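Overview (structure and organization)
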Amino acid sequence: DIKGFVFDLDGVITDTSRYHAQAWGQLATKLGVDYPNLGDAVKGISRMDALEMILQKGGLENNYTATEKEALATEKNTNYVQLIQNMSAKDILPGMAAFLADLKREGYGIALASASKNAPTILAKIGLQDYFTKTVDPATLQHGKPDPEIFIKGAQLLDLMPAQCIGLEDAAAGIAGINAAGETSVGIGDPQLLHAAAINFTDTSQVTLANIQQAMNG
Ligand code: BG6
Ligand code: MG
């Protein structure tokens, strides 16, 4: 039986993936790297891994020292932090506040498995921090998504087995991680991009307990 839900943040609870895409796009342009689908490619990918992907795309991975790479990642984050400055409860994706309230009322465990070091800031800005007392600190991870580590740790925070958990993701890398952790994956977004998910919804307004229960029994 399902007893807990392990949430991604960016692109699931709030639409910050477009800000990540914008900030990475700015950096890629500056570096002269042409990266079609950059926005989808960086979804779920940690800050340093995303930088490495962009550098590799441009064949630039050996052109920068570790210190210079840190500076590039910091530059992207400074731009990103600027973009999220004015976020508030209005930026919660449709239906997600109600879904969280339903889960809490029904007694399900709720955990956060976001790769973002900005996650606590964003949760506070949109006023959902009280739901997420159990969040995996991405700084403690050995491996980022698509590795299952963050989702396994999310289940552990809930004192549950992975099989008792549903993971929600908008990223292909995230769905891979949920599946490898042995949780039931819910993909939110383009069903072609998220074809590996056990359950697909095209947008967050479809994410309800009733729809999930129906999909699991159907
Ligand atoms: C994920 C986003 O949630 O967090 C990625 O989908 C992002 O695009 C990653 O790169 C890391 O975020 P941050 O805020 O730590 O740079
Ligand atoms: Mg995401």
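Quick caveat, the model's predicted, so the values are computed rather than measured. (Residues numbered from 1 in each chain as written. Chains lettered and ligands numbered in written order. Predicted model: local features only at pLDDT ≥ 70, side-chain atom pairs only at ≥ 80, totals over all residues. Heavy atoms only, no water.)

**Observations concerning the overall build of the chain**
We apply this condition: Helix numbering and strand numbering both begin at the N terminus, where a helix is a DSSP run of H or I of at least 4 residues and a strand a DSSP run of E of at least 2. Burial status follows relative accessibility: with a 1.4 Å probe on protein chains alone, a residue under 20% of its type maximum counts as buried, one over 50% as exposed, and anything between as partly exposed. In what follows, a contact means two residues having at least one pair of non-hydrogen atoms within 4.5 Å. Here the open area of atoms and residues is found with the Shrake-Rupley method and a 1.4 Å probe, where only the protein chains shown may cover a residue. By the counting rule applied here, Lys and Arg register as positive and Asp and Glu as negative, while His and the ends of each chain are not counted. To locate a charge, take atom NZ for lysine, CZ for arginine, CG for aspartate or CD for glutamate.
A tally of helices and strands in the chain yields nine helices and five strands. Overall, the chain shows an N-to-C arrangement of helices and strands of β-α-α-α-α-α-β-α-α-β-α-β-β-α. Taken along its principal axes, the extent of the C-alpha atoms in the chain is 50 × 35 × 30 Å. Out of the 218 residues in the chain, the part that is buried amounts to 46%. Partitioning the contacts of the chain with sequence separation of at least 6, the portion at a separation of at least 24 is 61%. Total accessible area on the chain is roughly 10,200 Å²; 48% of this is exposed by carbon and sulfur atoms. Charge-centre separation for the chain: the mean point of 16 positive side chains lies 5 Å from the mean point of 25 negative side chains.

**Describing the nonpolar core**
So the rule is basically this: By nonpolar core we mean a set of buried residues, namely Ala, Val, Leu, Ile, Met, Phe, Trp, Tyr and Cys, connected to one another through side-chain atoms within 4.5 Å.
In this structure, Phe5, Phe7, Ile13, Phe99 and Leu168 are the most contacted members of the largest nonpolar core, which totals 34 residues. One finds Val33, Tyr35, Val42 and Ile45 within the second-largest nonpolar core, a separate group that totals 17 residues.

**Regarding the confidence of the model for the chain**
Fine structural detail should not be taken from predicted coordinates in areas where pLDDT scores are low. So the rule is basically this: In predicted models, pLDDT denotes the confidence assigned by the predictor to each residue on a 0 to 100 scale.
Confidence in the prediction for the chain averages 97 pLDDT; 100% of positions are at 70 or higher. Within the chain, the lowest mean pLDDT, 95, falls on helix H2 (residues 38–41), and the highest, 99, falls on strand E1 (residues 4–7).

**Looking at the packing of aromatic side chains**
Applicable threshold: Classification of ring pairs uses Phe, Tyr and Trp, with its six-membered ring standing for Trp, and accepts pairs whose centres are within 6.5 Å; under 30 degrees between planes counts as stacked, over 60 as edge-to-face, and the remaining range as tilted. Look at NZ for Lys and CZ for Arg. If either is within 6 Å of the ring centre and within 35 degrees of the ring normal, a charge sits over the ring.
Applying the stated criterion to the full structure yields four aromatic pairs. Ring geometry for Phe7 and Phe132: centres 5.8 Å apart, planes at 85°, overall edge-to-face. A residue pair is termed long-range when its members are at least 10 positions apart, and Phe7 in strand E1 and Phe132 in the loop between helix H6 (119–126) and helix H7 (149–157) qualify at 125 residues. Each of the two residues, Phe7 as well as Phe132, counts as buried. Members of the aromatic cluster, each reached through a chain of ring pairs, are Phe5, Phe7, Phe99, Tyr108 and Phe132. Between Lys57 and the ring centre of Tyr35, over which it is positioned, the NZ or CZ distance is 4.7 Å. If you follow Lys76 out to its NZ or CZ, it ends over the ring of Tyr80, 4.6 Å from the centre.

**Let's talk about the coordination of the magnesium ion (ligand 2)**
Put simply, the rule is: Water is not among the atoms examined, so metal sites may look incomplete; donors are the N, O and S atoms within 2.8 Å of the metal, or within 3.2 Å for Na, K and Ca.
Looking at the magnesium ion (ligand 2), one finds its protein donor set to be Asp8 (OD), Asp10 (O) and Asp170 (OD), positioned 2.0 to 2.1 Å from the metal centre. In the primary structure, the donors to the magnesium ion (ligand 2) are separated according to the pattern D-x1-D-x159-D. Placement of the pair is Asp8 in the loop between E1 and helix H1 (17–31) and Asp170 in the loop between strand E3 (165–169) and helix H8 (172–181), with a sequence separation of 162 residues. When its relative accessible area of 6% is taken as the criterion, Asp170 is described as buried.

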